[in-house]
Amino acid sequence: MERYEKAFLAACAVILVIFLGALAYGSVAMGVHLPSRGGLIYCGVGEKLRKVLSKTPPFDHPGVQEIAPGKYRAVVIAKTWTFAPNEIDLPVGAEVRFVATSVDVIHGFFIVGTRVNVMLVPGEISQFDYRFTKPGEYLLICQEYCGELHQTMAGKVVVK
Ligand code: CUA
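Predicted, not measured: the structure shown is a model, and the values here were computed from it. (Residues numbered from 1 in each chain as written. Predicted model: local features only at pLDDT ≥ 70, side-chain atom pairs only at ≥ 80, totals over all residues. Heavy atoms only, no water.)

Enquirer: Teacher, can you tell me more about the packing of aromatic side chains here?
Expert: Each aromatic ring pair is summarised here by two numbers: the centre-to-centre distance and the angle between the ring planes. Per the counting criterion, the structure on display carries six aromatic pairs. Positioned over the ring face of Tyr4 is Arg3, at 5.4 Å from the centre of the ring. (Phe/Tyr/Trp six-rings, centres within 6.5 Å; stacked < 30°, edge-to-face > 60°. Lys NZ or Arg CZ within 6 Å of the ring centre and 35° of its normal.)

Take a look at the structure:
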């Protein structure tokens, strides 16, 4: 009986080490982590939030901007049922800081084939970094149910 207990404990220890290893690999080698909370723009929704956003940098000028050699900032505003901008063009190898928010309800921001997968909360800034190392057209979709045309809410990231 004691022999089985020892074997069971050993198996548990091995599984624990494998899980911790997977966690370390995911966070260090693959760079998977929680997106940082970039801050609050305005607590509220509707017309007031829309007005505040249109006057608050960088959301007064959504789009892609080169902020340093090889470094870009993509400012994105989600609203039912589009992303502004709808297409994000980047050169291969560019380091991008996404700064995004929503103007009405909670939307998602998921770039298929990458680890970019965050929620966009109205009035809150979602900020996250990514580096596109392979050229191609990446589908950008909203992965949070946001209303009757949720399934049409998509855009693309073109890397070349
Ligand atoms: Cu926006 Cu679903």
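Back to the text.
Enquirer: I keep staring at helix α2 (residues 47-55) and nothing clicks. Help me out?
Expert: Every α-helical turn comprises 3.6 residues, leaving residues that sit three or four positions apart pointing alike. Buried within α2 we find Leu49, Val52 and Leu53. For α2, the buried positions fall inside an angular range of 100° around the axis, keeping them on one side. Facing away from the buried side of α2 by more than 90 degrees, the exposed set consists of Glu47 and Lys55. Residues of α2 that are buried in the fold lie against β3 (71-79) and β6 (95-102). (Buried < 20%, exposed > 50% of the residue type's maximum accessible area, 1.4 Å probe, protein only. Helix = DSSP H or I, 4+ residues; strand = E, 2+ residues; numbered from the N terminus. Arc of directions from axis to C-beta. Contact = heavy atoms within 4.5 Å.)

Enquirer: What should I look at first to understand the sheet that holds strand β11 (residues 154-159) in this one?
Expert: Backbone-to-backbone hydrogen bonds pair the strands of a sheet. The strands run either parallel or antiparallel. One open sheet holds the five strands; their spatial order is β5-β11-β10-β7-β8, and the pairing between them is mixed. Lying at the two open borders of the sheet, with one neighbouring strand each, are β5 (87-90) and β8 (117-120). The sheet shows a mean angle of 20° between the axes of neighbouring strands, direction not considered. (Pairing = 2+ DSSP bridges. Axes fitted to C-alpha atoms, helices over the stretch in contact; angles between N-to-C directions.)

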